[in-house]
Amino acid sequence: TEVFGNSLNSVGAFDGLTDEEIRTTIANANGTRPALFVPEVSFDILVRRQVARLEEPGVNCVDLIYEELQRIATQSEPSELTRFPVLRERM
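A brief look at the structure comes next. (Residues numbered from 1 in each chain as written. Predicted model: local features only at pLDDT ≥ 70, side-chain atom pairs only at ≥ 80, totals over all residues. Heavy atoms only, no water.)

## Here we look at the packing of helix α1 (residues 2–9) against helix α4 (residues 55–76)
For the pair α1 and α4, the least separation of the axes is 10 Å and the interaxial angle reads 170°. Between α1 and α4, the crossing angle belongs to the class labelled roughly antiparallel. For the pair α1 and α4, the contacting residues are Val3, Phe4, Ser7 and Leu8 in the first and Pro57, Gly58, Cys61 and Leu64 in the second. (Axes fitted to C-alpha atoms, helices over the stretch in contact; angles between N-to-C directions. Helix = DSSP H or I, 4+ residues; strand = E, 2+ residues; numbered from the N terminus. Parallel < 35°, antiparallel > 145°, perpendicular 65-115°, else oblique. Contact = heavy atoms within 4.5 Å.)

Pasting the structure below:
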């Protein structure tokens, strides 16, 4: 959890997102009318882009968990399975 937590903390909520980009996205969603509230479309666009940045830390975490589970499975298999390589592979 520390590795995943640290990688998530390293991704800032507004990294790669400038005020100008936010204004432009809101303006593009509204057209020529001024906005009283942030339009849902522009919010979705901005949030999706920021959430996509969390994909890499998530995939790295899954890879680490998979490797750990593989290690545990290898350590817990009985030594008799070495006599049956096909069975061992299928397990």
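## Section: the pattern of salt bridges
Any two side chains of opposite charge can pair, so long as their charged atoms come close to each other. In this structure the tally under the stated criterion is three salt bridges. With its nearest N and O atoms 3.4 Å apart, the salt bridge here joins Glu20 to Arg23. Pair noted here: Glu20 and Arg23 are both in helix α2 (residues 19–30), with a separation of three residues, about one helical turn. You can call Glu20 partly exposed: its relative accessible area is 49%. Linking Arg71 and Glu68 is a salt bridge whose minimum nitrogen-to-oxygen distance equals 2.3 Å. Of this pair, Arg71 and Glu68 both sit in helix α4, separated by three residues, roughly a single helical turn. (Salt bridge = Lys/Arg side-chain N within 4 Å of Asp/Glu carboxyl O. Buried < 20%, exposed > 50% of the residue type's maximum accessible area, 1.4 Å probe, protein only.)

## Quick look at a nonpolar patch on the surface
A cluster of nonpolar side chains, Phe43, Val47, Val51 and Leu54, forms an exposed patch at the surface whose accessible area comes to about 330 Å². Within the secondary structure, Leu54 sits in the loop between α3 (40–52) and α4. On the basis of relative accessible area, Leu54 is assigned to the partly exposed category, the value being 35%. (Patch = residues over 30% accessible without salt bridge, like charges linked within 9 Å, V, L, I, M, F, W, Y side chains within 5 Å. Areas by Shrake-Rupley, 256 points an atom, 1.4 Å probe, with all protein chains shown as cover.)

## Focus: the environment of Ile22
With respect to the helices and strands, the residue Ile22 is situated in helix α2. Classification of Ile22 by relative accessible area gives partly exposed; the value is 22%. The spatial distance from the C-alpha of Ile22 to the C-alpha of Leu46 is 7.5 Å, given a sequence separation of 24 residues. The residues touching Ile22, leaving out its near neighbours within four places in the chain, are Leu17 and Leu46.

## Notes on α2
Helical geometry note: an α-helix holds 3.6 residues per turn, so side chains three or four residues apart project in the same direction. Helix length check: α2 (twelve residues) gives 17 Å between terminal C-alpha atoms against 16 Å at 1.5 Å per residue, within 8%. Buried positions along α2 lie against α3. (Expected span 1.5 Å × (residues − 1).)

## Observations concerning the environment of Arg88
By the secondary structure assignment, Arg88 is in helix α5 (residues 85–90). For the pair Arg88 and Ala27, spaced 61 residues apart in sequence, the C-alpha to C-alpha distance is 60 Å. Apart from the residues lying within four places of it in its own chain, the contact partners of Arg88 are Glu77 and Leu81.

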